[in-house]
Protein chains: 2
Amino acid sequence: MKDIADAVGVSTMAVSVVLSGSGNQKVSVSPAKAERIRQVAKELRYRPNQNARSLKTRRTNQVAVVFQHFSELGPEHPYHIQVLNGVTSALFPAGYAMTLCPRIIIDGDAFSMSDGRFDGVLWCRPEFDSESLEAISSAGVPVVMMHVPPGLMSGVPTFCADNDGAMRQVVQHLVSLGHERIAFVIDPVSVKSVEGGARNHALTRAAQQAGIPKPGLVVLGRDHSILTRYAEKDAPHTALVCFSDELAGFVLQSCDRMGVEVPRDISVIGFDSSKFCEGTKPRLTSVNQPVDRMAQAATNHLLSLIHDDERGLPRSPMACCLYDCALDVRESTGPPRAH
Amino acid sequence: MKDIADAVGVSTMAVSVVLSGSGNQKVSVSPAKAERIRQVAKELRYRPNQNARSLKTRRTNQVAVVFQHFSELGPEHPYHIQVLNGVTSALFPAGYAMTLCPRIIIDGDAFSMSDGRFDGVLWCRPEFDSESLEAISSAGVPVVMMHVPPGLMSGVPTFCADNDGAMRQVVQHLVSLGHERIAFVIDPVSVKSVEGGARNHALTRAAQQAGIPKPGLVVLGRDHSILTRYAEKDAPHTALVCFSDELAGFVLQSCDRMGVEVPRDISVIGFDSSKFCEGTKPRLTSVNQPVDRMAQAATNHLLSLIHDDERGLPRSPMACCLYDCALDVRESTGPPRAH
DNA sequence: TTGAAAGCGTTACCAT
DNA sequence: ATGGTAACGCTTTCAA
């Protein structure tokens, strides 16, 4: 900056005002000099140092996104991808960069989100411990969370699927087919997550409302032998509602391997209704969760909070945003086997 | 920092040395005081400001990844996901964050990669203009590129699939099935990319070596009517080699719509051999490009360059790294229709 | 072993 | 309209 200032014959301040485009009203530079400054800056290939700028302005135009296990990224896990799509579609047009930060994602050091590098944080970890909870509520920057059911986090805006509504549709669909004994299938990791519990309870409530027996809970670890039970005539359940499409795909594979035919012997339902559902045999009935829309809306809300803070305005009081889910009926559900 | 220093009764320097973990040898702090400093820092919930730290050290522990069209992210485009997986698997354990920067990705402002926010850049845009070329070669930070065939970029390390080897396998497979008249199918965007041209030429060379006629070039825009030609008896080509799996999937759809049966009427080959290939009907024969491995290796190389620069060592002279591809034969290729 | 002080590159206040 | 100057929070050299 000093080189430019010297070359043009002005102070560094003038250069700053012209090139930062901060619209500083207290200081103005004549159009001629401004043009000359821009010209020299180009000649000298001047690149503003963002670190210095951020240090001074306390704004980085960078937002952190926190996932749980990033290694799970892949076509079987369209979730991450949908989130990334939603986030970037909101972030990029606004000129914000998105960063995936190992200190938070891998090391679990949630406090590092307040280290000055981020204007805001989008928290997409479905599971979080007390330490991250403290970090979130005492964060120096706006935080928006996804997949946290209403009433669990106070003071942090939340974007979540309407699990109750979704499960009501699931139960209605199954009941209309003739099912009565259903179970919720979940993996050991998700069962500990907030949304895992929420969906399980939602299914239970929906079943209760529909007047069918309380759904079972199957935590599916490495040992899938439990599935053999569903091949028997006195199988405890005739329909399995899975926490995710991936898990449902897993169940389908296991069924196939064990000679259990879907949906003749048992019905299977997934969650997310990703393109993955189109590729399974049979095609997977699944709850359609608008993850990309949710992520986009969450990101836009985060941006507005950042904006509020920046201007000293009170933050928007929005607490929780619930998203309707639809049930995409495909071929993995059908009437239960006659006895 | 000053608060901590005052509370403990030392200077800010002592705090810095203890908490930054920079292993400063010129200065040492007694273990007792060091412990006390750490303790007070915790009590005061001290969070080091990364911007200030970066401003001083000129290191951010952040790496930028540049894609072409991020909006294409999705299950049909496993490419981006594979790259992200490879990149993060190398970056995160090393403590580096990954950022997707709109100024480069959307606005195309390649010069912003030298704005001090990144220790290095992984360039994954298959297409690049002269301006970005200048930005890349004059970048203040190490840059590593993917998908640039050997000999095209000097001074910038490159990680690329062995397109020649891949196309040799493709041609061998097709010839062994009895094909002689083949064509390369590509979209209007990729045809202008470096790797698009490289693959086209690779196919041509491989065909020449195998002694079959020079392959045709089909640029598939919105108008897919060209495919109708392949339904006729005197079809010009009996096999289509596509630039990407997505494009091949598109071709399969068009064939289906037009009553062209694959592989009876025509053989189709994709590129990437993503999981997408398992979901198509018929399952897609495709070149298996180890994108995640390439991305991981490219990232590791970038990290080593950063390391070299940091220590003032000469940069590794590695210029180009070529990756073997395999042909995954599935059901979209078969003998050509008898006349 | 410790403290004082000089920057890092930028922005913004307060004078002229 | 313009120029000096003090921060921003941290690291690091130098002197004690």
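Data block above holds the structure.
Everything numeric in this text was worked out from a predicted model, so none of it was measured.

Chemist: Talk me through the pattern of salt bridges; I want residue IDs and the actual numbers.
Modeler: All names here are of chain B. According to the stated counting rule, one finds 34 salt bridges over all chains in the structure shown. The partner of Arg103 in a salt bridge is Asp109, and the shortest N-O contact between them spans 3.6 Å. Of the residues examined, Arg103 reaches a relative accessible area of 30% and is grouped as partly exposed. Between Arg283 and Glu331 there is a salt bridge whose closest N-O contact spans 2.7 Å.

Chemist: Now, about the sheet that holds strand S9 (residues 267-271) of chain B: what can you tell me, with residues and values included?
Modeler: Residue and element names in this part refer to chain B. The strand order across the open sheet built from six strands is S7-S6-S8-S9-S10-S12, with neighbouring strands paired in mixed fashion. Looking at which strands have only one partner, the edges of the open sheet turn out to be strand S7 (216-219) and strand S12 (326-328). On average, each strand axis in the sheet is tilted by 25° relative to the strand beside it, whichever way the strands run. Alignment of S9 against strand S10 (residues 285-288), held across three bridges, turns out to be parallel. When the sheet's bridge partners are listed, Phe271 is paired in S10 with Val287. Most of the contacts of helix H8 (residues 163-177) go to S9, to which it runs at about 160°, and overall it touches strand S6 (182-186), strand S8 (239-242), S9, S10 and S12.

Chemist: How would you summarise the protein's contact with DNA strand D if you had to cite specific residues and measurements?
Modeler: Of all residues adjacent to DNA strand D, which total 25 residues, the nearest are A:Ser28, A:Arg58, B:Ser16, B:Tyr46 and B:Arg53. Of what DNA strand D places within 4 Å of the protein, 63% of the atoms are sugar or phosphate. One of the backbone nitrogen or oxygen atoms of A:Ser30 is found 2.7 Å away from a phosphate oxygen of DNA strand D. The side chain of A:Lys56 places a nitrogen or oxygen atom 2.9 Å from a base nitrogen of DNA strand D. Every element with two or more residues in the surface near DNA strand D is listed here: helix H4 (50-57) of chain A together with helix H2 (12-20) and helix H4 (50-57) of chain B. When residues in the surface near DNA strand D are grouped by element, the largest group, four residues, is from H4(B). Among the residues forming the surface near DNA strand D, the class breakdown is 11 nonpolar, nine polar and five charged.

Chemist: I'd like to hear about the environment of A:Val329, residue by residue, with values.
Modeler: Residue and element names in this part refer to chain A. Structurally, Val329 is set in the segment after strand S12 (326-328). Sequence spacing of Val329 and Val171 is 158 residues, and the spatial spacing of their C-alpha atoms is 12 Å. Those residues in contact with Val329 that lie beyond four places of it in its chain are His173 and Thr285.

Chemist: Run through the relation of the copies chain B and chain A, naming residues and quoting values.
Modeler: Rotating chain B by 180° about the axis while translating it 0.0 Å along that axis superimposes it on chain A, leaving an RMSD of 0.1 Å. One copy is carried onto the other by what is essentially a two-fold rotation axis. Using C-alpha coordinates, one finds that chain B approaches the rotation axis most closely at B:Thr99, a distance of 2.0 Å. Most of the interface of chain B is mirrored in chain A: 98% of its interface residues are interface residues there too.

Chemist: How would you summarise H8(B) if you had to cite specific residues and measurements?
Modeler: Residues and elements named next belong to chain B. Between the first and last C-alpha of H8 there are 21 Å, a value that for 15 residues agrees with the 21 Å anticipated at 1.5 Å per step. Among the residues making up H8, those that are buried are Asn163, Gly165, Ala166, Met167, Val170, Val171, His173 and Leu174. Of the residues flanking the end of H8, it is Gly178, one or two places downstream, whose phi is positive at about 110°.

Here is what the cut-offs are and how they apply
- Residues numbered from 1 in each chain as written.
- Chains lettered and ligands numbered in written order.
- Predicted model: local features only at pLDDT ≥ 70, side-chain atom pairs only at ≥ 80, totals over all residues.
- Heavy atoms only, no water.
- Salt bridge = Lys/Arg side-chain N within 4 Å of Asp/Glu carboxyl O.
- Buried < 20%, exposed > 50% of the residue type's maximum accessible area, 1.4 Å probe, protein only.
- Pairing = 2+ DSSP bridges.
- Helix = DSSP H or I, 4+ residues; strand = E, 2+ residues; numbered from the N terminus.
- Axes fitted to C-alpha atoms, helices over the stretch in contact; angles between N-to-C directions.
- Contact = heavy atoms within 4.5 Å.
- Near = heavy atom within 4 Å.
- Polar contact = N/O pair within 3.5 Å; in protein donor to acceptor, adjacent residues only side chain to side chain.
- Nonpolar A, V, L, I, M, F, W, Y, C, P; charged D, E, K, R; others polar.
- Least-squares fit on C-alpha atoms with pLDDT ≥ 70 in both.
- Expected span 1.5 Å × (residues − 1).

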